[in-house]
Amino acid sequence: MQVLCCTAQLHTIPMAMKNHTHDKSAAFEPAYPVRFAAARKSTWVSIFVNLGLTILQIAAGFFGKSQSLMADGLHSMADLFSDVLVLFANRHGNKHADADHPYGHARIETAASLILGASLAALGVGLLIAAGMRLQHPEQVQAVHPLTLWIAIIALAAKEGMFRYMLSVAQRVRSQMLVANAWHARSDAASSLVVIIGIAGNLLGYIFLDLIAAAVVGVMIAYMGIQFARDALAELIDTGLDEEKVRAIRNTLKAVPGVVGLHELRTRKMADNALVDAHIIVDPRISVSEGHYIAEAARIAVLKSHQVMSVMVHIDSEDDAKAMPNIHLPQRHLLLAHLNNRLGVSLPASTRIVLHYLGGKVEAELLLDTAAIDAGELQRKCSLIASDDPYFRHITVYRTCAPY
């Protein structure tokens, strides 16, 4: 039997609760205003550029008899539609979390990327098939007008400029969707380069090169579309972060004071961010509140150091990743009823009882605040019980003195 003397002090700490739900009827307020504004501005610039290129390329390709330039014009038209899709996703993906979407609306961007990728793949395959069918009738292939070459050069310069502008914006605001859209502009520039080569070859007498260029443009569009769709689909099926990022998150968690172990670290992508779940091991004999404090410190450390939107930290008293040795043990009320039955007397109602479920057994601490019971005798009985009990490993009795 041991005697504990302690002073109890009550502190009231004000806490601000963060509201994760928003009134659906309220005016739209983006969750990430800077990213939203940058994406909207860059996308509107892209819309005007692609609208002008679509009209210019298709008209020049039609009247100048260039199949590759018309194909590139259709590519610009696809970009125009994708820009409209990006505007939609940027607005709706930036909404705050609500009751129906507790993790926010970020995956609207992912869905938009999937639709964009599938559309580009279909367009590319269609252009490839059309070029292949025309190549079967080489006698119908005509020489192109020299003006189409200059239109293709203008398109190349415009698309390369759009790529550099949009990529700088995407990197500044860290938007995966805008990065994808920027590289889409780079693929457009590459396709325009192919068109220039095809038109130049046609003008030099290799008339079939214009159709070859149209087919190559189709392949490039389809390839980029498949890449976008693949990446978006990987996110929608909860693909985890790459090994390097997971290792960095693991190191951050293990560096938090009070964390003595870590297992079951899981991640999944969420648009430009990630969701993280982790089980941390803490000293099994600390209080619940201290364990919660350590878990909260671990959560905040990950949020501050990594591009993560949400962290769920589970507290473990021991490593139960491979086995759950305590699952067969009775719950508290049944365990105390068992102890009272073996003692042959009920413990005083004022007794504070702390239970530690560890290694398949229970370690109990009984804190008495009354002299009505002989603590020494109680300790002797408890020691005898623990020597052959199926549940208790050992039971320790403490007597507390009144706080001063």
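Values in this document were obtained by computation on a predicted structure and should not be read as measured data. By convention here, each chain's residues receive numbers from 1 onward along its written sequence. Totals for whole chains, interfaces and linings use every residue, but because this is a predicted model, local features are given only for residues with pLDDT of at least 70 and side-chain atom pairs only at 80 or more, for both listing and counting. To get the side-chain values, take all heavy atoms of the structure and skip hydrogens and water.

Participant: I keep staring at the pairing of strand 3 (residues 273–281) and nothing clicks. Help me out?
Facilitator: Taken residue by residue, a regular strand's side chains alternate between the two faces of the sheet. For strand 3, the buried fraction is high: eight of the nine residues fall into the buried class. By definition, two strands form a pair when at least two bridges between them are found by DSSP. Secondary structure elements follow DSSP: runs of H or I of four or more residues count as helices, runs of E of two or more count as strands, with numbering from the N terminus. Taken together, the eight bridges between strand 2 (residues 261–270) and strand 3 define a ladder with antiparallel strand orientation. Directly across from L262, in strand 3, lies its bridge partner I280. Taken together, the seven bridges between strand 3 and strand 4 (residues 310–316) define a ladder with parallel strand orientation. Across the sheet, residue V276 finds its bridge partner in strand 4, namely V311. With helix 8 (residues 288–305) bridging strand 3 and its parallel neighbour strand 4, the resulting β-α-β unit is right-handed. Whether a residue is buried, partly exposed or exposed follows from its accessible area with a 1.4 Å probe, protein chains only, as a fraction of its type maximum: under 20%, in between, or over 50%, in that order. For a crossover, the right-handed case is the one in which the path from the first strand over the helix to the second runs clockwise, viewed with the strands pointing away from the viewer.

Participant: Teacher, can you tell me more about helix 7 (residues 243–254) here?
Facilitator: Each α-helix turn comprises 3.6 residues. Residues three or four places apart therefore point the same way. By definition here, a helix of n residues has an expected span of 1.5 Å times n minus one. For helix 7, spanning 12 residues, the distance from its first C-alpha to its last is 16 Å, which sits close to the expected 16 Å at 1.5 Å a residue. Every buried residue belonging to helix 7 is among V246, I249, T252 and L253, and all of these are buried. In a view along the axis of helix 7, the buried residues occupy a sector of 120 degrees, so they form one face of it. Of the exposed residues in helix 7, those oriented more than 90 degrees away from the buried face are E243 and E244. Residues count as neighbours in contact if any of their non-hydrogen atoms are within 4.5 Å of one another. Where helix 7 is buried, its residues meet strand 2, strand 3 and helix 8. Within 3.5 Å is the distance limit for a polar contact, defined as a pair of N or O atoms, with the added protein rule that one can donate a hydrogen and the other accept it, and that residues adjacent in sequence qualify only through two side-chain atoms. Two to three positions downstream of the cap, the backbone nitrogen of E244 sits 3.2 Å from a side-chain oxygen, assigning the N-cap of helix 7 to D242. Here, the arc refers to the directions that run from the helix axis to the C-beta atoms.

Participant: Would you mind showing me how to read helix 10 (residues 375–388) here?
Facilitator: For helix 10, built from 14 residues, the straight-helix expectation of 20 Å at 1.5 Å per residue is met to within 8% by its first-to-last C-alpha distance of 21 Å. Taken residue by residue, helix 10 has A375, L378, Q379, C382, I385 and A386 as its buried positions. Within helix 10, the buried residues cover an arc of 125 degrees as seen down the axis, which keeps them to one side. Exposed side chains of helix 10 directed beyond 90 degrees from the buried face belong to L384, S387 and D388. In this fold, the buried residues of helix 10 make contact with helix 9 (332–343), strand 6 (361–368) and strand 7 (392–400). For helix 10, the N-terminal cap is D374; the gap from its side-chain oxygen to the backbone nitrogen of G376 is 3.0 Å.

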